[in-house]
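The residues making up each chain are set out below.
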Amino acid sequence: MKVARTTADGNLELAEAPEPAIRAGEALIELVCCGLCGTDLYKLADAGRPPGEVLGHEVVGRVIESRADSLRPGDRVVAPHHAPCGECRLCRSGAETMCPGFAENLLDPGGFSERLRLKARAVERTVRTLDDGLADEAAAFVEPAACVLRGIDRAGLVRETQAVVVIGAGSMGLLHLLVLRASFPGARILVAEPDPGRRATARQLGADTVVAPDEFTDLVDAANPRTGADAVFDTAGGQAAFDLALLATRPGGRVVLFAHATRDARVTFDINAVFKSERQVIGAYSGSPAEQKRVLDMMHGGALDPSPLVTHRLPLDRAAEAVDLCRRQAALKILLHP
Ligand SMILES: [Zn+2]
Ligand SMILES: [Zn+2]
């Protein structure tokens, strides 16, 4: 079968790989589509990772062989790659994505592959069948939208919440906009983004206010004239976005850090912006099976449809081109097809 695997110079190339054989409790799927994600780009840029890896974790597929009671050939499924054990101290305290077992890749070899083996823990905990009415291109967002929902949960927003700011209108920033709108229909959502084209997309997708980051005074004013935003989601990363996030958050509000950072990345901040003003800076990493189920329920119920974020559909043998498009920020979400 064909796979797109990582190269030593940080890109993807087409290669042949043996088809995986399934064992009891497992299933084999053929790929329908797999999203190319910022995490994949981050891994590609990490010089410490050995080449030859098959990335891809935003998987929609069709079951072609099953040795699990819950799946039958023909079932269309989403197959997130990570699952917590559900039993350790971290899992029991709600920190499932910090579970020591969470990092294991439960897809063999990975999403950028014509066929994939779903390991038993994925079949038990993360793989879900899709209703006929749900489009493949929406279902591909179950995994990333669950990550976003986890951050939104951690932001502590309440129904009466008035103002939220999203920094960055790349695919994850825009996905924040859509999941926020689905979760809090009455929230006032401001998006800060330097690129005019992406600002226009944010406006089309329902942002109440869209500004360039250097219009920060307007940003704070627009978020809430007197107090700032209840929560700010930083999907851009780095010092400038962090400064903006603290500035735009009301006293007692939360900044949620969502962007990848390089190993030695640091930011500085005014201690009193946190101490005296009771702001909280929190992280949100990946998504749990419960969050995946909730976003899939939102999609099945019609409250959430991220498919407008898909700008490109490319076959696996053009994976290198997909990476290049994302690196140049010439694409929002790219789906790879077999
Ligand atoms: Zn992802
Ligand atoms: Zn655990």
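**A word on the overall build of the chain**
Stage number 1. Counting secondary structure elements, the chain contains twelve helices and 16 strands.
Stage number 2. Over its C-alpha trace the chain gives a radius of gyration of 20 Å, about what one expects of a compact globule, namely 20 Å for 338 residues.
Stage number 3. Principal-axis analysis of the C-alpha atoms gives the chain an extent of 60 × 40 × 40 Å.
Stage number 4. For the chain, the proportion of its 338 residues judged to be buried stands at 48%.

**Points about the pairing of strand β15 (residues 310–315)**
Stage number 1. Two elements, β15 and strand β16 (residues 333–337), share five bridges in a ladder whose sense is parallel. Note on β16: the bridge partner recorded for H312 is I334.
Stage number 2. Handedness of the crossover joining β15 and β16 through helix α12 (residues 319–327) is recorded here as right-handed.

**Details of the domain arrangement of the chain**
Stage number 1. Along its sequence, the chain is organised into domain 1 (2–141 + 306–337) and domain 2 (146–283).
Stage number 2. For domain 1 and domain 2, the distance between their C-alpha centres works out to 28 Å.
Stage number 3. Across the boundary between the two partners, domain 1 contributes nine residues, which contact eight residues of domain 2.
Stage number 4. Here the residues of the side of domain 1 that touches domain 2 are counted per class, giving six nonpolar, two polar and one charged.

**Focus on the pairing of strand β10 (residues 188–192)**
Stage number 1. Burial runs high along β10: four of the five residues are buried.
Stage number 2. Where strand β9 (residues 163–167) meets β10, five bridges bridge the pair, whose relative direction is parallel. Of the residues in β10, the one forming a bridge with V166 is V191.
Stage number 3. A crossover links β9 with its parallel partner β10, the connecting element being helix α6 (residues 171–183), and its sense is right-handed.
Stage number 4. Bridge count between β10 and strand β11 (residues 209–211): three bridges; the pairing is parallel. In the sheet register, L190 faces β11, and the bridge partner there is T209.
Stage number 5. In this fold, β10 hands off to helix α7 (residues 196–204), which returns the chain to β11; that crossover is right-handed.

**Digging into the nonpolar core**
Stage number 1. Ranked by internal contacts, the top residues of the largest apolar core, which has 100 residues, are F112, L118, A145, I167, V179, V191 and L336.
Stage number 2. Summarising the domain contributions, this core has at least three residues from each of domain 1 (2–141 + 306–337) and domain 2 (146–283).
Stage number 3. Residues within four places of V191 in sequence aside, it is in contact with V166, A169, G173, L177, A202, A207 and V210.

**A look at the packing of helix α5 (residues 142–154) against α6**
Stage number 1. Relative orientation of the contacting elements α5 and α6 amounts to 65 degrees, with a least axis distance of 9 Å. Crossing of α5 against α6: the hand is right-handed. Each of P144, A145, V148, L149 and I152 in α5 lies in contact with α6, whose residues at this interface are M172, L175, H176, V179, L180 and S183.
Stage number 2. Split by residue class, the contact of α5 with α6 holds nine nonpolar, two polar and no charged.

**Quick word on the environment of E96**
Stage number 1. Considering the arrangement of structural elements, one finds E96 in the loop between α2 (89–92) and β6 (107–108).
Stage number 2. Given 24 C-beta atoms within 10 Å, E96 falls into the buried group.
Stage number 3. Spatially, the C-alpha atoms of E96 and S288 are 6.3 Å apart, while their sequence positions differ by 192 residues.
Stage number 4. With residues near it in sequence (within four places) discarded, E96 still touches P84, C91, F102 and S288.

**What about α7?**
An α-helix turns once per 3.6 residues; consequently, residues spaced three or four apart project the same way.
Stage number 1. Among all positions of α7, only R198, T201 and A202 are buried. One side of α7 holds all its buried residues, which, seen down the axis, span an arc of 100 degrees. Residues P196, G197 and Q204 are exposed on α7 and point more than 90 degrees away from its buried face.
Stage number 2. Tucked into the core, α7 has its buried residues touching α6, β10 and β11.
Stage number 3. One or two residues past the end of α7 sits G206, with phi positive at roughly 110 degrees.

**Some details on the sheet that holds strand β12 (residues 229–234)**
Stage number 1. Pairing within the open sheet is parallel, and its six strands lie in the order β11-β10-β9-β12-β13-β14. Edge positions in the sheet fall to β11 and β14 (280–283), since each of these pairs with one other strand and no more. Taken over all neighbouring pairs, the strand axes of this sheet differ in orientation by 20 degrees on average, direction set aside.
Stage number 2. In terms of strand pairing, β12 meets strand β13 (residues 249–257) through five bridges, oriented parallel. The residue of β13 that forms the bridge with D234 is L257.

Procedures and definitions
- Position numbers for residues count from 1 along each chain, tracking the sequence in the order it is written.
- Chains carry letters from A onward and ligands carry numbers from 1 onward, assigned in written order.
- Predicted model: local features are reported for residues with pLDDT of at least 70 only, side-chain atom pairs are reported and counted for 80 or more only, and whole-chain, interface and lining totals are derived from all residues.
- By the criteria applied, helices consist of DSSP H or I runs no shorter than four residues and strands consist of E runs no shorter than two, each listed in order from the N terminus.
- A radius of gyration in this sense is built from C-alpha atoms; the matching globule rule multiplies 2.2 Å by the number of residues raised to 0.38.
- Using C-beta atoms placed from the backbone, we call a residue buried if 20 or more other C-beta atoms fall within 10 Å of its own, exposed if 12 or fewer do, and partly exposed for counts in between.
- The pairing criterion for strands is at least two bridges between them, as found by DSSP.
- The handedness of a crossover follows from its direction of travel: if, with the strands pointing away from the viewer, the path from the first strand over the helix to the second runs clockwise, the crossover is right-handed.
- Throughout the structure description, domain borders are defined by an automatic or database domain assignment.
- Residue pairs qualify as contacts under a 7 Å threshold applied to their C-beta atoms, which are placed from the backbone.
- Any residue that is not Ala, Val, Leu, Ile, Met, Phe, Trp, Tyr, Cys, Pro, Asp, Glu, Lys or Arg is counted as polar, Gly included; the first ten are nonpolar and the last four charged.
- One nonpolar core equals one set of buried Ala, Val, Leu, Ile, Met, Phe, Trp, Tyr and Cys residues connected by C-beta atoms within 7 Å.
- As a rule, the C-alpha atoms of each element are fitted with a line to give its axis, helices using only the stretch in contact, and angles between N-to-C directions run from 0 to 180 degrees.
- What makes a crossing left-handed is the near helix being turned counterclockwise from the far one by less than a right angle; a clockwise turn instead makes it right-handed.
- This arc corresponds to the set of directions leading from the helix axis out to the C-beta atoms.

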